[in-house]
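If you want the building blocks of each chain, they are given just below.
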Amino acid sequence: MNMRNTTVIPRTSSFLIVILLTGCAHVSRDPVMALHITRLSEPLHVDGRLDEPGYQRVTPVADFKVASQPGVEAQPTRAWLQWNEAGLWFAFAAQDATIVSAPPTEDEHAVDSRDRVEIFLWPENSRRYFCIEIAPDGAVHDYAARIYRRFDDSWTSSDTRLAAQRTTDGYAVEGFIPVAALHAMGVRLWRPGTRLHVGLYRADFRPETPEDPIWLTWVEPNLPKPDFHVRATFAPVVLAP
């Protein structure tokens, strides 16, 4: 599709963290090597276009796997994480020839049956994690949660900026979470060396099988069925100097 509809949403930061063992407040050991997040030299425009030089200088996360389906090739998906003193910047570019989506409504759970990308954040030493899910036409479902799957849909932050746009080969999503929102989530310090746990995901729905989406994750926990609300799907990230 060659649509240029852009939706900018002044909404929440939603991010996540979870542990497989209930009752744990922090992670004692990381299962994968930490990803160092590049420091931005100039702010990005949150418009969903991903055409700024900052995206050319940073290597995106592109090693997405199909959750719980070894050997199945994932739809091409790229994700960027960047930071500066103002906050955390993220973006996704998803190839998709059969987009399943609709404009935003008052029902956040409408996103549950649509194509979307997801970013979860777990501040260190926090019992809550925070999630944001964004569909191709700008619909958003954001929430906080506690282990295990105790969701709080009332949680929101009006400071986060989000944008979604269809592209010639799929769709793109861009977002910015300001420092004040990160502090409210429990991130105590925002400077080089700050450490977080992050999950990056995608739901790929197909019109012919609407009840059986393909779930993509950047860390494969090797579970019998897809579940992103477990510690094993998160990876540590560190703010680079």
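Residues numbered from 1 in each chain as written. Predicted model: local features only at pLDDT ≥ 70, side-chain atom pairs only at ≥ 80, totals over all residues. Heavy atoms only, no water.

Visitor: Would you take a moment to explain the pairing of strand β2 (residues 35–39) for this structure?
Guide: Consecutive side chains along a regular strand alternate between the two faces of the sheet. Relative to strand β14 (residues 235–239), β2 runs parallel, the two sharing 3 bridges. Pairing of I37 across the sheet is with L239, part of β14. Of the strand pairs in this sheet, β2 and strand β4 (residues 77–84) are connected by 2 bridges, and their pairing is parallel. Directly across from T38, in β4, lies its bridge partner Q82. (Pairing = 2+ DSSP bridges. Helix = DSSP H or I, 4+ residues; strand = E, 2+ residues; numbered from the N terminus.)

Visitor: In this structure, what is going on with the pairing of strand β10 (residues 161–167)? I would like to understand it.
Guide: Counting buried positions along β10 gives 6 out of 7 residues, so the element sits mostly inside the fold. Pairing between β10 and strand β11 (residues 170–178): 7 bridges, direction antiparallel. Its bridge partner being in β11, A164 is matched across the sheet by V173. Remark: 2 residues form the turn of the hairpin made by β10 and β11, two consecutive strands paired antiparallel. (Buried < 20%, exposed > 50% of the residue type's maximum accessible area, 1.4 Å probe, protein only.)

Visitor: Just to check I follow, could you spell out the nonpolar core for this structure?
Guide: If you look at soluble globular proteins, the nonpolar side chains tend to sit buried side by side. Residues F90, I134, W190, V198, L200 and W218 are the most contacted members of the largest nonpolar core, which totals 43 residues. Residues contacting V198, with those up to four places away along its chain left out, are L81, I119, F120, L121, W218, T233, F234, A235 and V237. (Core = buried A, V, L, I, M, F, W, Y, C linked by side-chain atoms within 4.5 Å. Contact = heavy atoms within 4.5 Å.)

Visitor: Honestly, the side chain of D204 in this entry has me stumped. Any pointers?
Guide: Mapped onto the fold, D204 is located in strand β12 (residues 195–204). Despite its burial, D204 pairs with no opposite charge; the closest candidate is R202, at 4.1 Å N-O. D204 has contacts with Q75, D96, D115, P213 and I214, leaving out every residue within four places of it along the chain. (Lys, Arg positive; Asp, Glu negative; His and termini not counted. Salt bridge = Lys/Arg side-chain N within 4 Å of Asp/Glu carboxyl O.)

Visitor: Can you walk me through the environment of E106 in this structure?
Guide: Tracing the backbone through its elements, the reader meets E106 in the loop between β5 (87–95) and β6 (116–123). Residues E106 and V140, spaced 34 residues apart in sequence, show a C-alpha to C-alpha distance of 9.8 Å.

Visitor: For this particular structure, what's the right way to read the confidence of the model for the chain?
Guide: Detailed reading of predicted coordinates is not advised where the pLDDT is low. In this model, the chain carries a mean pLDDT of 88, and residues with pLDDT of at least 70 account for 87%. A low-confidence stretch, residues 1–30 stays under pLDDT 50, and its non-local contacts, those more than four residues away or across chains, total 130 contacts. (pLDDT = per-residue confidence, 0-100.)

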